[in-house]
Amino acid sequence: MGMLPSNVLASGHSKCLQVPPGASKRGTTVILKLKPNCECCDKDLAPDAADALICSFECTFCADCAATRLPSGRCPNCGGELVRRPARPAAMLAKYPASTERVTKPHPGCGKAA
Ligand SMILES: [Zn+2]
Ligand SMILES: [Zn+2]
């Protein structure tokens, strides 16, 4: 086994972002709004649903609608990417409950029976 020169090993300085205290903290923590249903077909989506998709504005859709009704699987409201919504662990749900406010909107291409 070869030995590394000691100056290589010593070169690791921290690149952590230095955030000044209070600079980025305003008010309360913003928590992802876990909507209880698909905005398109009104299907129930549990907080830990594996088929819930969300855009950066928290528009929420089921994987089925994204695949069959939404053009190119993008959010019909903002045109943004839809990604799988991270599941919130039960312990965190108790502390930060999911939203119960159902949101549905008419989008082009949805609301029609397939
Ligand atoms: Zn849906
Ligand atoms: Zn959106």
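The rules behind these values
Residues numbered from 1 in each chain as written. Chains lettered and ligands numbered in written order. Predicted model: local features only at pLDDT ≥ 70, side-chain atom pairs only at ≥ 80, totals over all residues. Pairing = 2+ DSSP bridges. Helix = DSSP H or I, 4+ residues; strand = E, 2+ residues; numbered from the N terminus. Core = buried A, V, L, I, M, F, W, Y, C linked by C-beta atoms within 7 Å. Buried ≥ 20, exposed ≤ 12 C-beta atoms within 10 Å, placed from the backbone. Contact = placed C-beta atoms within 7 Å.

Caption draft 1: View of the sheet that holds strand S1 (residues 52-54). The three strands lie next to each other as S2-S1-S3, forming an open sheet whose pairing is antiparallel. Looking at which strands have only one partner, the edges of the open sheet turn out to be strand S2 (60-62) and strand S3 (83-84). Pairing of S1 with S2, which is carried by three bridges, proceeds in the antiparallel orientation. Within the sheet, the bridge partner assigned to Leu-53 lies in S2 and is Phe-61.

Caption draft 2: Here's a closer look at the environment of Lys-105. By the element assignment, Lys-105 lies in the segment after helix H3 (90-95). For the pair Lys-105 and Cys-41, spaced 64 residues apart in sequence, the C-alpha to C-alpha distance is 9.2 Å.

Caption draft 3: Quick peek at the nonpolar core. In terms of nonpolar packing, the biggest core is built from 14 residues, with Cys-38, Leu-53, Ile-54, Phe-61, Cys-62, Cys-65 and Leu-82 touching the most fellow members. Elements represented by at least two residues in this core include exactly S1, S2 and helix H2 (63-68). If you tally residues by element for this core, the top one is S1, at three residues. Look past the residues within four positions of Cys-65 in its chain and what remains in contact with it is Cys-38, Cys-40, Cys-41, Leu-70 and Cys-110.

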